[in-house]
Amino acid sequence: MSESRPPLPPFTRETAIRKVRAAEDGWNGRSPEKVALAYTPDSRWRNRHEIFQGRPAIVEFLARKWAGEHEYRLIKELWAFTEDRIAVRFAYEFHDEAGQWFRAYGNENWAFDGNGLMRARHASINDLPIGEGERLFRWDRSGPRPADHPSLSDLGL
């Protein structure tokens, strides 16, 4: 039996939005092993200056990433879609070991297989230092972003 991760292509606006929110919720859960299951076993990634392939590399990357990004909170928003591709913009906030807060802004391009697993992810990201008082993402990290929390567009980001 092959793996499946609904919603499946071909995407509509509604299913693309659901796919984006599912990805956001998964990443906010910060479980590298769980997140990696949304990708094909041979998924190809470009993340900033790193290029790698496969679920073990995804798990290693995410574990390393989240070990240094404390109080991580992410919002993703649909930018565009086709039958089997989705483009998102995102922002996330975190602080480093020294307590410096950052807001990272970026764009991702996703390509999916017929089972709804992501076969390619290309991310471009920029970090901006912010003060604690400039934070906008303050929901309880024990769960996903609340449904009534403002989107990136609502926040003017």
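Check the entry above for the structure.
Residues numbered from 1 in each chain as written. Predicted model: local features only at pLDDT ≥ 70, side-chain atom pairs only at ≥ 80, totals over all residues. Heavy atoms only, no water.

A.B. asks: Looking at this structure, I do not really get the packing of aromatic side chains. What am I missing?
C.D. replies: For any pair of aromatic rings, geometry is given as the distance between the ring centres together with the angle between the planes. Per the stated rule, a full pass over the model turns up 14 aromatic pairs. For the pair tryptophan 45 and phenylalanine 61, a centre-to-centre distance of 5.8 Å together with 70° between the ring planes defines the contact as edge-to-face. Within this pair, whereas tryptophan 45 is found in strand β1 (residues 39-47), its partner phenylalanine 61 is found in helix α3 (residues 55-68), the two being separated by 16 residues in sequence. Between tyrosine 72 and tyrosine 92, the aromatic rings sit 5.0 Å apart at their centres with planes inclined by 40°, giving tilted as the arrangement. One end of the pair, tyrosine 72, is in strand β3 (residues 70-81); the other, tyrosine 92, is in strand β4 (residues 85-95), and 20 residues separate them in sequence. Neither residue differs from the other here; tyrosine 72 and tyrosine 92 are each classed as buried. Ring-pair connections join several aromatic residues into one group, and the members of that group are Trp27, Tyr39, Trp45, Phe52, Phe61, Trp66, Tyr72, Phe90, Tyr92, Phe94 and Phe102. Above the ring of tryptophan 27, the side-chain terminus of lysine 76 is found at 5.2 Å from the ring centroid. In this structure, lysine 76 packs its charged tip against the face of phenylalanine 90, placed 5.2 Å from the ring centre. (Phe/Tyr/Trp six-rings, centres within 6.5 Å; stacked < 30°, edge-to-face > 60°. Helix = DSSP H or I, 4+ residues; strand = E, 2+ residues; numbered from the N terminus. Buried < 20%, exposed > 50% of the residue type's maximum accessible area, 1.4 Å probe, protein only. Lys NZ or Arg CZ within 6 Å of the ring centre and 35° of its normal.)

A.B. asks: Looking at this model, I keep getting lost on the pattern of salt bridges. Mind explaining?
C.D. replies: It is possible for side chains bearing opposite charge to pair when their charged atoms get close. Considering all chains together, one arrives at 19 salt bridges under this definition. With its nearest N and O atoms 3.0 Å apart, the salt bridge here joins arginine 64 to glutamate 60. Here arginine 64 pairs with glutamate 60, and both are found in helix α3, just 4 residues apart, close to one helical turn. A relative accessible area of 41% places arginine 64 in the partly exposed class. Relative accessible area serves as the criterion here: at 44%, glutamate 60 is assigned to the partly exposed category. Note that arginine 121 and glutamate 108 form a salt bridge whose closest N and O atoms lie 2.7 Å from each other. A residue pair is termed long-range when its members are at least 10 positions apart, and arginine 121 in strand β6 (residues 118-130) and glutamate 108 in strand β5 (residues 101-112) qualify at 13 residues. We classify arginine 121 as buried; its relative accessible area is 2%. If you follow the salt bridges from partner to partner, you end up with Arg21, Glu24, Asp25 and Arg145 in one network. (Salt bridge = Lys/Arg side-chain N within 4 Å of Asp/Glu carboxyl O.)

A.B. asks: When you look at the pairing of β6 in this model, what are you seeing that I'm missing?
C.D. replies: Looking along a regular strand, one sees side chains alternate from face to face of the sheet. Sheet topology note: the β1/β6 ladder contains 5 bridges and is parallel. Pairing of tyrosine 39 across the sheet is with methionine 118, part of β6. The sheet contact formed by β5 and β6 spans 12 bridges and is antiparallel. Note that in β6 the partner of alanine 111 across the bridge is alanine 120. Counted along the chain from β5 to the antiparallel partner β6, the turn is 5 residues long, and its residue glycine 116 has a positive phi close to 85°. (Pairing = 2+ DSSP bridges.)

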